[in-house]
Amino acid sequence: MQNLILASSSPRRKELLENLQLKFEVSSSDVDETFEPGMLPENVVMELAARKAESVARKNPAAFVIGSDTIVFADGLILGKPDGRGDAYDMLTRLSGRVHSVYTGVSIITPQKSKVKFYEKTDVEFWELTDDEKSAYIESGEPFDKAGSYGIQGLGATLVKRIDGDYFAVVGLPLSRTARELKKAGFTLPF
């Protein structure tokens, strides 16, 4: 029996992986999420995903381990989770009426210690947001644990005008590519 572990405490990633009807465990990893200034966003997410996967794989050497990380990139800046209401408001203002990119990196480590790293980039366009819309969204509490201060799978869907790319990557785990990469890495999928 193959063991699969999701190296993330994100309820969104857990929900997404459950959509693939796979049996897996969740094991969060407390790793340093700082990165060198000037790194390309795709390298940042792949590096952070790899750190998470490696941390969990060390404790579970016989398992397939998936690590993942998501960032929002706008105006040459990486937008992580907001530090408070003011930060959330500033991020939403930056994204209002514009296109930004969401990068999600994935790292898969096999029991044989082979490693797969990849990322998906999705462009997201926001509607022009009024001050009242931004404030009401912040009051909902949804922005505070999400990169870029919004969640496309919740109330944040009302902020999004269109996307170009993988919706699931914006939520936090590109399902189709992850399933294909797991299969290539030797994990048996039920489909």
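Residues numbered from 1 in each chain as written. Predicted model: local features only at pLDDT ≥ 70, side-chain atom pairs only at ≥ 80, totals over all residues. Heavy atoms only, no water.

1. Things to note about helix H4 (residues 131-139)
The test is simple: Under the scheme applied here, a residue whose accessible area is under 20% of the maximum for its type counts as buried, over 50% as exposed, and between as partly exposed, the area being computed with a 1.4 Å probe on protein chains only. The helix count covers DSSP runs of H or I at least four residues long, the strand count covers runs of E at least two residues long, and both are numbered beginning at the N terminus. Of all possible arcs, the one meant is that of the directions from the helix axis to the C-beta atoms.
Every buried residue of H4 is listed here: Lys 134, Tyr 137 and Ile 138. The arc enclosing the buried residues of H4, seen along the axis, measures out at 100°, which places them on a common side. Exposed side of H4, more than 90 degrees from the buried face: Asp 132 and Glu 139 are the residues found there. Following H4 by one or two positions, Gly 141 adopts a phi angle in the positive range, close to 85°.

2. Here we look at the layout of surface pockets
Applied cut-off: Using a 1 Å grid laid over the protein atoms alone, points where a 1.4 Å probe fits but cannot get out form a cavity; open sets with protein on both sides within 12 Å along at least 5 of 7 lines form a pocket; any residue with an atom within 4 Å of a point counts as lining. Grid points are joined across faces, edges and corners, and a volume is the space filled by probe spheres set on the points. For this scheme, ten residues count as nonpolar: Ala, Val, Leu, Ile, Met, Phe, Trp, Tyr, Cys and Pro. Four count as charged, namely Asp, Glu, Lys and Arg, and the remainder, Gly too, count as polar.
Space inside the largest pocket adds up to approximately 750 Å³. Around the largest pocket sit 34 residues that line it, and Arg 13, Asp 69, Thr 70, Lys 81 and Asp 145 are the ones nearest its centre. Those elements that provide at least two residues to the lining of the largest pocket are helix H1 (11-18), helix H2 (41-59), strand S3 (63-74), strand S4 (77-79) and helix H5 (167-171). Ranked by residues supplied to the lining of the largest pocket, first place goes to S3 with four residues. Tallied by class, residues from the lining of the largest pocket come to 15 nonpolar, 10 polar and nine charged.

3. Observations regarding unusual backbone geometry
Even without being a glycine, Gln 21 presents a positive backbone phi close to 55°. Note that Gln 21 resides in the loop between H1 and strand S2 (25-26). According to the relative accessible area criterion, Gln 21 is exposed, its value standing at 67%. With a phi close to 55°, Asp 75 is a non-glycine residue in the positive phi region. Mapped onto the secondary structure, Asp 75 falls in the loop between S3 and S4. Overall, Asp 75 belongs to the partly exposed group, its relative accessible area being 42%.

4. Let's talk about the pattern of salt bridges
Under the convention used in this document: What makes a salt bridge here is a side-chain nitrogen of Lys or Arg within 4 Å of a carboxyl oxygen of Asp or Glu, nothing more.
Scanning all chains against the criterion turns up 15 salt bridges. Taken together, the salt bridges that share partners define one network made up of Glu 120, Arg 177, Glu 181 and Lys 184.

5. Considerations on the environment of Lys 161
Looking at where Lys 161 falls in the secondary structure, it is placed in strand S7 (residues 160-164). Taking the relative accessible area as the measure of exposure, Lys 161 reaches 43% and is therefore partly exposed. Separated by 33 residues in sequence, Lys 161 and Glu 128 place their C-alpha atoms 9.1 Å apart.

6. Points about the side chain of Arg 13
Applied cut-off: For this analysis, a polar contact is any N or O atom pair within 3.5 Å, provided that within protein one partner can donate a hydrogen and the other can accept it, and provided that sequence-adjacent residues contribute only side-chain to side-chain pairs. The contact criterion used throughout is that any non-hydrogen atoms of two residues lie within 4.5 Å.
Looking at where Arg 13 falls in the secondary structure, it is placed in helix H1. Within polar-contact distance, the side chain of Arg 13 engages the side chain of Thr 70 at 3.1 Å. Setting aside residues up to four positions removed in sequence, Arg 13 forms contacts with Leu 6, Ser 8, Ser 68, Asp 69, Thr 70, Gly 172 and Leu 173.

7. Remarks on the environment of Ala 157
Along the chain, Ala 157 falls in the loop between H4 and S7. Once residues lying within four places of it in the same chain are set aside, the contact partners of Ala 157 are Gly 151 and Ile 152.

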